[in-house]
Amino acid sequence: MGRVKIVTDSTADLPSSLVNELDIRVVPLKVVFGDMIYREGLDITVKEFYEKMAASEQLPRTSQPSPGEFKDAYEELTSDGSNVVSIHISARMSGTFQSALMAKNSLPGRDIRVLDSKMVSMALGLVVLAAARAARDGKSVDEVERTAIETMSKVKTYFVVDTLENLAKGGRIGRASALLGTVLNVKPILTFEDGFVTPFERVRGKGKALERIFQLVKEYSQKKGPIRCALVHANALDEAVKFHQKLVSELNYSEHIIGEVGAVVGTHAGAGTIGLLFY
């Protein structure tokens, strides 16, 4: 029986070091500035993206991979008899999952499992890492799929944005639409629920929002034991580093990752976003 290979999309915001180490195939989404189309992670760096977005009068658009792009990846990965577990951004936020499903259905006879994570960014990334480690350890395709599904049910996501404007303009605001018009200094803590962006709490000021997120993860780790966590930021490195230092000095953790919110998620979340994702 062939080995199990892992596929995800670029909205997982996985650091390249982990992608390479665990042999994860990442199918890129695209960001569009005017007539220029850039494949995330290939044609534009994160730094270049935030510079272009800051200089642009209009919000860039984003575009999912085509079924053909997924089919090419699946054909290559299964050509030696391997199986595939393919894990993606919430189907309620993007058509990426549907493209992957169409590609799977065009390849009958090949064992390809396509999963909707109902999350995005490193919340999705943590699920992908768990599946990739199970695959590396020689688990069967059923076991790898089960690991991914079990991890999805455990991951907690909290993030704070500088403004809800990008989420609203990009149509990704979900159940947080009720917060539009909130006074500037009230920073909503957001989460994911059933694949939607959903309000969790309102806190006055970003500093207090981050402190509240820290309290939530600390209480969780005290109950559950060592956690795996990922801290991501959208062009807010100084804030993220300061928050990261607090996390690693006071939390009970087995893994901690600090990473960047990529171009596609950054288009909708906006610069200044900071998220903490853990289980």
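Criteria and thresholds
- Residues numbered from 1 in each chain as written.
- Predicted model: local features only at pLDDT ≥ 70, side-chain atom pairs only at ≥ 80, totals over all residues.
- Heavy atoms only, no water.
- Helix = DSSP H or I, 4+ residues; strand = E, 2+ residues; numbered from the N terminus.
- Rg over C-alpha atoms; globule rule 2.2 N^0.38 Å.
- Buried < 20%, exposed > 50% of the residue type's maximum accessible area, 1.4 Å probe, protein only.
- Areas by Shrake-Rupley, 256 points an atom, 1.4 Å probe, with all protein chains shown as cover.
- Expected span 1.5 Å × (residues − 1).
- Arc of directions from axis to C-beta.
- Contact = heavy atoms within 4.5 Å.

Chemist: Can you help me understand the overall build of the protein in this one?
Modeler: Counting its regular elements, the protein contains 10 helices and 13 strands. Over its C-alpha atoms the protein spans a radius of gyration of 18 Å, differing by no more than 12% from the 19 Å that the globule rule assigns to 279 residues. Structurally, the protein occupies a C-alpha span of about 55 × 50 × 30 Å along its principal axes. Residues counted as buried form 53% of the 279 residues belonging to the protein. Within the structure as shown, the protein displays about 12,800 Å² of accessible surface, and the carbon and sulfur contribution to it stands at 48%.

Chemist: What exactly am I supposed to notice about helix α8 (residues 206–224) here?
Modeler: Turn by turn, an α-helix covers 3.6 residues, leaving residues three or four places apart pointing in a common direction. When the terminal C-alpha atoms of α8 are compared, their 27 Å separation across 19 residues agrees well with the 27 Å that a helix rising 1.5 Å per residue should span. Of the residues making up α8, those classed as buried are K206, A209, L210, I213, F214, L216, V217, Y220 and S221. Along the axis of α8, the buried positions cluster into a sector of 160°, meaning they face one direction only. Away from the buried face of α8 by more than 90 degrees, exposed residues G207, K208, Q222 and K223 are located. G225 sits one or two residues past α8 and shows a positive phi near 95°.

Chemist: Explain the environment of I257 here, please?
Modeler: Relative to the helices and strands, I257 is located in strand β12 (residues 253–260). Between the alpha carbons of I257 and P108 there is a distance of 37 Å; along the sequence they are 149 residues apart. In this structure, I257 is in contact with P15, L18, M122, L129, C229, A230 and L231, ignoring residues within four places of it in sequence.

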